[in-house]
Amino acid sequence: MSDLFISYSRKDGDFARRLYDAFEASGKDVWADWEDIAPTADWMATIYEAIEDADAFVFVLSPESVGSEVCGRELAHASGLNKRIVPILARPVDPKLVPEPAARHQWISFESERSFDDAFAELAEALATDLEWTSAHTHWLGRARDWDDAGRDRSLLLRGTDLRSAEQWLSQQRPDRQPEPTALQSEYVYESRRSTGRRQRALFAGVAVALVISIGAAVLAVIQRNEAESQKRAAQSQALAASATGLVDTDPALSVRLAAEGVRLSDVPAALTALRQALSGLQSLAVLRGHSEAVSGVSFSPDGKEIATASYDRSVRIWDAASGAPLAVLRGHTDALNSVDFSPDGKQVATASDDQTARIWDVATGDQLAVIRQASDVIDVDFSPDGERIATASDDQTARIWDAATGDQLAVARGHHNSVYAVAFSPDGRKIATGSVDHTARIWDAASGDQLVVLHGHTRPIYGVAFNRDGRRVATSSSDFTARVWNSTTGDQLAVARGHTETVNSVAFSPDGRRIATASSDESARIWDARTGDQLTEFSGHTGVVAAVTFSPDGGRIATGALDHTARIWDAGSGDQLTVLRVPTGYVYDVAYSPDGTRIATADGDETARIWDATTGDQLAVLRGHSDQVYGVAFSPDGTRIATASADKTARIWDVGSGNQLAVLRGHKDQVFGVAFSPDGERVATAAFDETARIWDATSGEQLVVFRGHTHVVYRVAFSPDGERVATGSSDETARIWDATNGEQLIVLRGHTGLVNGLDFSPDGERIATASGDETARIWDATNGEQLSVLRGHTDSVYGVAFSPDGQRIATSSTDQTARIWDATNGEQLSVLRGHTNYVYGVAFSPDGEQIATASGDETARIWACRFACASRSELLEAADARAGVLTDQERREVLSD
């Protein structure tokens, strides 16, 4: 075994040799391939073996190495083994070209402006961190691979002290500890414990009499068994977590069930991490189980409280949309159902069936109210907005309109040249849209059946059609793998949604008309921007063709029906990362939500601040006027103004509506880094490199108070919720609390060993959180300065910190390229938000606490869902049960049997 493996491009041979020599001089056992030969199978096998035997994998970054096939294969192999990967920058590279396993780690720079010795010292320190854990990872990986390579020979399983040591190692895993155990390691330890359990049971059976004789021995045995059982459960939990993580992309529902079982078995941190990840990947709010065949149609009631599903099993089912509980089953059709629709008052549902009928039902009683008979299969059905008519689409190449009370036929739309698969009324009830196997969609007069417009563009059959809320646009879905949006009057194509890999079976507009949802045979549903066709969200979880999709009346959820016999309810905006706000040039240093949560402001490195729509990510305004980078941004409490802080030594106040500059705050003698409005909006506080913080009149720009006392740069400033105090954070390694009226220093918070970059008062003003370059955030009593908690987990400077609106959670951002969520009560790390490719400078909760925004040096701000990232253990388990159910008996036997 070796301490580390060096992966490098041949063009960096001299640098790699120097690195190798420096490591050897420090007493490290290093492996590097100095042979310039073709990558034959035998040669690569030797390389892979060396990687497997090394504790750490050092990847030399340069333009040649990131483009090298061999280096890429080496990196992928190390990543697959969960090796500790340490990228070092030998020469500048485009970050976008760096392979993901290296890009997600913090780089150590050896570029020319820095001495080799200084950089090497940082590298050596990084490699020395958690060295015992890393060495154990290599050791247990080697044992596990030997077992696996030998066909899982039982004689190679762990026993006795080895087994206890391996289980103890697994139980020490934390979300921030790298490298993570591999699935093979977890499985190896788990199988070893199972095997030991069988041997112990046989042994106990043979000595039962002797154990009864000695009470002391019996007590000892109980203790030992309890300890063994605890270790066994921890190993099982770790193994389940590893398996769940591996199934997130391929079987999200099973991934959730496995992770939840792991959480129930033991408090292994990796299981909770896996469950958060699995739930984020699943995204469904409830799974509606009960149909025995494919679910072909789905409809929300107008109040969003119920869902109706239609199935090939000839039944209609009504469900509670909040809990997923079944409410009623409607039976009467004699063949498969294709579609279902609620009436506008929610009292009835209409269904379409291959038994050549459409039927209308009373939701409350389940009584059949009307039967509409045709000469061909009825494929789709839709109520008119007033509920007095229904439209049907049929295999006979027509759409028909019927009186919903009497079942009398009112009009026939003729003109398609093949089966009509979809029909929908316009919002005013005057038109219907149809989609056909003849590759066209058509618009018709709903009273006369006259054809108004033909929509040409799809290259294969059209299976779904929907109007937006004003009737001016129509969306269609097709087996050409696309959905399209059209002008319903002119027939012009406005947008194409591309991304599905199989037939798009259904399409629906959101109530506000800004999004469309699609259901596809590729087993996914997706949400798209209705104007551009850009994909916003993908929902994976069904294990069969997704046949139907619809939005809830408030647009917050979608329901889907699929051939896996289930319907599912999903959060229409869920997903770990909801929106990416892309700044054309420059870093994004700070981010803030408007008080109503509808907008986001960013402080940007291109000398501007920007205002964005928090839902769509659209840029609403650019605030120009600063002559240097903008470091800080804050909304006024009423949301009408924005304050910005800049390296040009000024802070400025802007009108949100017009983007006009209202005031310039001049007085600081150096760069202004932080800015905050008082709770009443009448004052603005600023923090600057001139070692002061200041308060200004937010209307006139007059300077009111100067806070002096810090001995170095003041980075951040915040008002207490009552506006009577101001807190500041400085590179003098302290945070301080001041009287906001007279500038008197009240408390000095000492404990950080690095500069204090960020701070935030709790909503009740009783606590204050600080973020520091010492890689920690801390929580303090804001009345007496007592330190309450230290939040450890980040691997580099912590820049931003924010309390959630309820004060129960804290979010932090760091130069380790992550944001993290913590329990504000006990300091427990709950989750890690990964995705940024550069330093994360700023972080903020939305006013409702359901989202988190981050600002980064990768030229983006990002919005994340807080639902699972911020959830407690009990909340996660409750969500898992609702969304994916529990392990079936068969699954339980397969993964947990002795």
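Residues numbered from 1 in each chain as written. Predicted model: local features only at pLDDT ≥ 70, side-chain atom pairs only at ≥ 80, totals over all residues. Heavy atoms only, no water.

Draft legend 1. Spotlight on the overall build of the protein chain. Assigned secondary structure in the protein chain consists of 15 helices and 61 strands. For the protein chain, the proportion of its 898 residues judged to be buried stands at 59%. Sequence-distant contacts, at least 24 apart, represent 50% of the contacts inside the protein chain between residues at least 6 apart. (Helix = DSSP H or I, 4+ residues; strand = E, 2+ residues; numbered from the N terminus. Buried < 20%, exposed > 50% of the residue type's maximum accessible area, 1.4 Å probe, protein only. Contact = heavy atoms within 4.5 Å.)

Draft legend 2. Quick peek at the nonpolar core. Counting residues in hydrophobic clusters, the biggest one holds 28 residues, and the most contacted among them are Val 256, Leu 258, Val 263, Leu 275, Leu 279, Leu 876 and Ala 880. Among the secondary structure elements, those contributing two or more residues to this core are helix H11 (215-247), helix H12 (252-265), helix H13 (269-282) and helix H14 (873-884). Considering every element that reaches this core, the biggest residue donor is H12, with eight residues. If you look at the next biggest cluster of nonpolar residues, it comprises 24 residues, including Ala 16, Ala 22, Val 58 and Phe 120. (Core = buried A, V, L, I, M, F, W, Y, C linked by side-chain atoms within 4.5 Å.)

Draft legend 3. Molecular detail of unusual backbone geometry. For Asn 82, which is not glycine, the phi torsion reads 55° and is therefore positive. Residue position: Asn 82 is located in the loop between helix H4 (69-80) and strand E4 (84-89). A residue is classified by how much of its surface remains accessible, and Asn 82, at 22% relative accessible area, is partly exposed. For Glu 691, which is not glycine, the phi torsion reads 75° and is therefore positive. Tracing the backbone through its elements, the reader meets Glu 691 in the loop between strand E44 (683-688) and strand E45 (692-697).

Draft legend 4. Quick peek at the pattern of salt bridges. Summed over the entire model, instances satisfying the criterion amount to 23 salt bridges. In this structure, the salt-bridge partner of Asp 823 is Arg 809, at a minimum N-O distance of 3.6 Å. Taken as a pair, Asp 823 in strand E57 (residues 818-823) and Arg 809 in strand E56 (residues 809-814) lie far apart in primary sequence, 14 residues in all. When salt bridges with common partners are traced through the structure, they connect Asp 12, Glu 64 and Arg 91 into a single cluster. (Salt bridge = Lys/Arg side-chain N within 4 Å of Asp/Glu carboxyl O.)

Draft legend 5. Representation of the pairing of strand E16 (residues 389-394). For E16, the buried fraction is high: six of the six residues fall into the buried class. The side-chain alternation of E16 yields two buried faces, one formed by Arg 389, Ala 391 and Ala 393 and the other by Ile 390, Thr 392 and Ser 394. Pairing of strand E15 (residues 378-383) with E16, which is carried by five bridges, proceeds in the antiparallel orientation. Bridging across to E16, Val 381 finds its partner in Thr 392. Bridging between E16 and strand E17 (residues 398-403) involves five bridges; their strand directions are antiparallel. Bridge pairing in E17 places Thr 392 opposite Arg 400. Count of turn residues in the E16/E17 antiparallel hairpin: three residues, of which Gln 397 carries a positive phi of about 75°. (Pairing = 2+ DSSP bridges.)

Draft legend 6. Region of interest: the packing of aromatic side chains. Tallied over the entire structure, the rule returns 16 aromatic pairs. An aromatic cluster of at least three residues, connected via ring pairs, comprises Phe 15, Phe 23, Phe 110, Phe 116 and Phe 120. Lying across the ring of Tyr 20, Arg 17 places its NZ or CZ 5.8 Å from the centre. Lying across the ring of Phe 116, Arg 18 places its NZ or CZ 4.0 Å from the centre. (Phe/Tyr/Trp six-rings, centres within 6.5 Å; stacked < 30°, edge-to-face > 60°. Lys NZ or Arg CZ within 6 Å of the ring centre and 35° of its normal.)

Draft legend 7. Examining the sheet that holds strand E26 (residues 493-498) more closely. Strand order in this open sheet of four strands is E23-E24-E25-E26, and the pairing throughout is antiparallel. Strand pairing shows two members of the sheet lacking a second neighbour, strand E23 (462-467) and E26, which therefore form its edges. In this sheet, neighbouring strand axes are inclined to one another by 20° on average, regardless of whether the strands run parallel or antiparallel. Where E23 meets strand E24 (residues 473-478), five bridges bridge the pair, whose relative direction is antiparallel. Bridged to Val 465 within E24 is Thr 476. (Axes fitted to C-alpha atoms, helices over the stretch in contact; angles between N-to-C directions.)

Draft legend 8. Local environment of the sheet that holds strand E13 (residues 357-362). What the four strands build is an open sheet, ordered E11-E12-E13-E14; its pairing is antiparallel. Each edge of the open sheet is held by one strand with a lone partner, namely strand E11 (337-342) and strand E14 (368-373). Within this sheet the neighbouring strands show an average axis-to-axis angle of 15°, counted without direction. Where E13 and E14 come together, five bridges link them in antiparallel fashion. Each bridged residue has a counterpart across the sheet, and for Ala 358 the counterpart in E14 is Ile 372.

Draft legend 9. Highlighting the side chain of His 668. Mapped onto the elements of the fold, His 668 is located in the loop between strand E42 (661-666) and strand E43 (672-677). In this structure His 668 comes out as buried when scored by relative accessible area, which is 7%. Within the structure, His 668 has its side chain in polar contact with the side chain of Asp 690 (distance 3.0 Å). At 3.4 Å, the side chain of His 668 forms a polar contact with the side chain of Thr 692. Apart from residues no more than four positions distant in its own chain, His 668 is found in contact with Lys 649, Thr 686, Ala 688, Asp 690, Thr 692, Arg 694 and Trp 696. (Polar contact = N/O pair within 3.5 Å; in protein donor to acceptor, adjacent residues only side chain to side chain.)

Draft legend 10. Summary view of the packing of H12 against H14. Following both chains from N to C, one finds H12 and H14 inclined at 145°, their axes separated by 10 Å at the closest point. Along this stretch, H12 crosses H14, giving a crossing that reads as left-handed. For the pair H12 and H14, contact is made by Ala 253, Val 256, Arg 257, Ala 260, Val 263 and Arg 264 and by Arg 873, Leu 877, Ala 880, Asp 881 and Ala 884, respectively. Along the lines of polarity and charge, the residues of the contact of H12 with H14 split into seven nonpolar, no polar and four charged. (Left-handed = near helix turned anticlockwise from the far one by under 90°. Nonpolar A, V, L, I, M, F, W, Y, C, P; charged D, E, K, R; others polar.)

Draft legend 11. Structural detail: the pairing of strand E22 (residues 451-455). As judged from the four bridges shared by strand E21 (residues 441-445) and E22, these two strands associate in the antiparallel manner. Following the sheet pairing, Trp 444 is matched in E22 by Gln 451. Between E21 and E22, which follow one another and run antiparallel, lie five residues, and Gly 449 among them has a positive phi close to 80°.

Draft legend 12. Expanded view of the packing of helix H1 (residues 13-25) against helix H6 (residues 116-128). One way to put it is that H1 packs onto H6 with a least axis distance of 12 Å and a crossing angle of 60°. The pairing of H1 with H6 is recorded here as oblique in orientation. Helix-helix and strand crossings are classified by hand; for H1 and H6 the assignment is right-handed. Facing Phe 15, Arg 18, Leu 19, Ala 22 and Phe 23 of H1, the residues of H6 in contact are Phe 116, Phe 120, Leu 123 and Leu 127. Considered class by class, the residues forming the contact of H1 with H6 number eight nonpolar, no polar and one charged. (Parallel < 35°, antiparallel > 145°, perpendicular 65-115°, else oblique.)

Draft legend 13. Spatial organisation of the environment of Leu 272. Relative to the helices and strands, Leu 272 is located in helix H13. Under the relative-accessibility criterion, Leu 272 is labelled buried at 16%. Considering only alpha carbons, one finds Leu 272 and Gly 262, ten residues apart in sequence, at a separation of 8.1 Å. Other than its neighbours up to four places away in sequence, Leu 272 contacts Val 263, Glu 828, Arg 873 and Leu 876.

Draft legend 14. Representation of the side chain of His 416 in the model. Tracing the sequence through the fold places His 416 in the loop between strand E18 (409-414) and strand E19 (420-425). Note on His 416: relative accessible area 4%, which makes it buried. Within the local environment of His 416, its side chain forms a polar contact with the side chain of Thr 440, the two groups lying 3.5 Å apart. With near-sequence residues (within four places) excluded, His 416 lies in contact with Gln 397, Thr 434, Ser 436, Asp 438, Thr 440, Arg 442 and Trp 444.

Functional significance is not addressed by these values, which are geometric in nature.
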